[in-house]
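Descriptive structure summary
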Amino acid sequence: MSESVLKSLSGPVVLLGAGKMGGAMLEGWLKLGLPADKAVVLDPNLPAETAAALAGRGVLVNPALASLPAPAVLLLAVKPQVAPEALPPVAPLVRAGTVVVSIMAGRTLGTMAGILGAQAAIVRAIPNTPAAIGRGVSVAVAGPTVTAAQRELATALLGAIGIVEWIGDEALMDAATAVSGSGPAYAFLLAEVLAQAGVAAGLPAELSARIARATVSGAGALMDQSDLPAATLRQNVTSPGGTTAAALAVLMDAGKGFGPLMVEAVAAATKRGKELAG
Ligand SMILES: NC(=O)c1ccc[n+]([C@@H]2O[C@H](COP(=O)([O-])OP(=O)(O)OC[C@H]3O[C@@H](n4cnc5c(N)ncnc54)[C@H](O)[C@@H]3O)[C@@H](O)[C@H]2O)c1
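The shown structure was predicted, so the numbers you read here are calculated from the model rather than taken from an experiment.

**Some thoughts on the overall build of the protein chain**
Counting its regular elements, the protein chain contains twelve helices and eight strands. Seen through its principal axes, the protein chain has C-alpha atoms that stretch 70 × 40 × 35 Å. A total of 278 residues make up the protein chain; the buried ones form 40% of that total. About 14,400 Å² of surface is accessible on the protein chain, with carbon and sulfur atoms providing 64% of the total. A gap of 1 Å separates the mean positions of the 18 positive and 18 negative side-chain charges of the protein chain.

Structure follows, in structure tokens:
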């Protein structure tokens, strides 16, 4: 379904901000069949070689806004902090049929409607960087004027880069951002600190980095291919009285283990999301 939706859009897909996330999403859409001449990138800071590579594939890069037809989709992928200056110039692009998809952390549907107009059909979504390999997670909430067809289009666009979870309550978005939006960083940090701990235990640094990285990615791949709960996969590693049990006694300490630390980390990210709301 995604492919046919992407191939039969009523107008272009306009991407505001082609950085890490926006760029990854555009790649996913082009791979899934979005015609390159239906893709428009607006980003004044795009490196010249990136702009030339996109233009060479047929993507329209930084055209005059007045020359654009009504977009089917406007993806807002700039940093939340630059929204006050980046959004007003694109507000006139938003027409009756346009669905706006914002992936800005924190920025609320209400704030965006304040800039783009109360009638604008806006979906607020938070993807994550495994989107670059089609393994992203997006959590999305639709504004009050989004039609069923626009929601289907947003599902197709976000589905091109991974799984999509719709929520009905926007108040949950900052917590979702803290779990799945920021979550890949926690997994990468695990690989980093596991490598450092290996060095502290006497391993050569490069060997430790290699085996820590392969262990974290292998565990993720195993979890991906297994139907077992994460807790069962953990228990399968843990021999009674063995080495893992000794480590988990530290990591699962009720007072200073991973659990309370992660609660604190996710709370800090959630709080920051609320601060970015603007
Ligand atoms: N990186 C992530 O893991 C992630 C995950 C979920 C959501 N997001 C959200 O995605 C958005 C982008 O994050 P990112 O990590 O891709 O950042 P980034 O810095 O890589 O990309 C932002 C892009 O916006 C461009 N830009 C700046 N001002 C602009 C303007 N006025 N008009 C057009 N483009 C402009 C920059 O040149 C840059 O290419 C943020 O709002 C962030 O909250 C990021």
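**Looking at the packing of helix α7 (residues 173-181) against helix α8 (residues 183-200)**
In the contact formed by α7 and α8, the axes pass within 5 Å of each other and the chain directions differ by 35 degrees. Together, Ala178, Val179, Ser180 and Gly181 of α7 and Gly183, Pro184 and Tyr186 of α8 make up the contact between the two elements.

**Digging into α7**
Where α7 is concerned, the buried positions are Met173, Asp174, Ala176, Thr177, Ala178 and Ser180. Packed against the buried residues of α7 are β6 (121-126), β7 (136-142), α8 and α12 (258-275).

**Overview of the UniProt feature "domain: Pyrroline-5-carboxylate reductase catalytic N-terminal" (unreviewed entry) in the protein chain**
As recorded in UniProt, the sites labelled "domain: Pyrroline-5-carboxylate reductase catalytic N-terminal" (unreviewed entry) are residues 13-106. In the segment residues 13-106, helix accounts for 27% and strand for 19%; the C-alpha atoms at its two ends are 23 Å apart.

**Some points on the UniProt feature "domain: Pyrroline-5-carboxylate reductase dimerisation" (unreviewed entry) in the protein chain**
The residues that UniProt annotates with the feature "domain: Pyrroline-5-carboxylate reductase dimerisation" (unreviewed entry) are residues 170-276. A helix fraction of 78% and a strand fraction of 0% characterise residues 170-276, whose end C-alpha atoms lie 14 Å from each other.

**Here's the deal with the pattern of salt bridges**
Inspection of the entire model under this criterion finds seven salt bridges. Linking Arg124 and Glu170 is a salt bridge whose minimum nitrogen-to-oxygen distance equals 2.7 Å. Of this pair, Arg124 sits in strand β6 while Glu170 is found in the loop between β8 (162-166) and α7, placing the two residues 46 residues apart along the sequence. Linking Arg272 and Glu275 is a salt bridge whose minimum nitrogen-to-oxygen distance equals 3.0 Å. Of this pair, Arg272 and Glu275 both sit in helix α12, three residues apart, roughly one helical turn. For Glu275, a relative accessible area of 44% corresponds to the partly exposed category.

**Some thoughts on a nonpolar patch on the surface**
A cluster of nonpolar side chains, Leu189, Leu190, Val193, Leu194, Leu251, Met252, Phe258 and Leu261, forms an exposed patch at the surface whose accessible area comes to about 690 Å². Contributing elements (two or more residues each) for the nonpolar patch: α8 and α12. Tracing the backbone through its elements, the reader meets Leu251 in helix α11 (residues 243-251).

**As for the site of the ligand**
In the vicinity of the ligand there are 21 residues, among which Lys20, Met21, Asp43, Asn45 and Val78 approach most closely. Met21 places a polar main-chain atom, nitrogen or oxygen, 2.8 Å from an oxygen atom of the ligand. Between an oxygen atom of the ligand and a side-chain N or O atom of Lys79, the distance comes to 3.2 Å. Protein chains shield 80% of the accessible area of the ligand, which is 820 Å² for the free molecule.

**Some details on the nonpolar core**
One finds Met25, Leu26, Trp29, Val41, Val73 and Leu75 to be the most contacted residues of the largest nonpolar core, which totals 39 residues. The contacts of Val73, once residues within four sequence positions are left out, are Pro12, Val13, Val14, Thr98, Val99, Val101, Leu153 and Leu157. Listed in part, the 28 residues of the second largest apolar core include Leu93, Ile122, Val141 and Ala176.

**Looking at unusual backbone geometry**
The backbone phi angle of Asn62 is positive, close to 50 degrees, even though this residue is not glycine. Inspection of the secondary structure puts Asn62 in the loop between β3 (60-61) and β4 (73-76). We classify Asn62 as partly exposed; its relative accessible area is 38%.

**Thoughts on the sheet that holds strand β2 (residues 39-42)**
The mixed open sheet is built from eight strands, whose spatial order is β3-β2-β1-β4-β5-β6-β7-β8. Two strands lie at the open edges of the sheet, namely β3 and β8, each paired on one side alone. Across two bridges, the pairing between β2 and β3 is parallel. Bridge pairing in β3 places Val40 opposite Leu60.

Reading the values: the criteria
Here, residues in each chain are numbered from 1, in the same order as that chain's written sequence. With pLDDT at 70 or above as the cut-off, local features in this predicted model cover only qualifying residues; side-chain atom pairs require 80 or more to be listed or tallied, and sums for whole chains, interfaces and linings still use all residues. Side-chain measures were taken over the full set of non-hydrogen atoms in the model, leaving aside hydrogen atoms and water. Strands are runs of DSSP state E lasting at least 2 residues, helices are runs of H or I lasting at least 4, and numbering of each runs from the N terminus. Using a 1.4 Å probe on the protein chains alone, a residue whose accessible area is under 20% of its type maximum counts as buried, one over 50% counts as exposed, and one in between counts as partly exposed. Computed by Shrake-Rupley with a 1.4 Å probe, the accessible areas treat only the displayed protein chains as cover when residues are assessed. Counted charges follow a simple rule, with Lys and Arg positive, Asp and Glu negative, and His plus the chain ends left uncounted. Think of each charge as sitting on NZ of Lys, CZ of Arg, CG of Asp or CD of Glu. For helices, the fitted axis covers only the stretch in contact; all axes are lines through C-alpha atoms, and the angles between them, taken along N-to-C directions, range from 0 to 180 degrees. Whether two residues touch is decided by their heavy atoms; if any such pair falls within 4.5 Å, the residues are in contact. UniProt positions are given in the numbering used here, feature names are shortened, and annotations may be inferred rather than shown by experiment. In what follows, salt bridge is the name for a side-chain nitrogen of Lys or Arg lying within 4 Å of a carboxyl oxygen of Asp or Glu. Here the term patch refers to residues with relative accessible area over 30% and no salt bridge, with like charges joined within 9 Å and nonpolar side chains (Val, Leu, Ile, Met, Phe, Trp, Tyr) within 5 Å. Working definition: residue near molecule or strand if any one of its non-hydrogen atoms lies within 4 Å of it. Here a polar contact is taken to be a pair of N or O atoms separated by no more than 3.5 Å, where protein atoms must pair a possible hydrogen donor with a possible acceptor and residues adjacent in sequence count only if both atoms sit in side chains. Residues belong to one nonpolar core when they are buried, are Ala, Val, Leu, Ile, Met, Phe, Trp, Tyr or Cys, and are joined through side-chain atoms within 4.5 Å. Strand pairing requires that DSSP identify at least two bridges connecting the strands.

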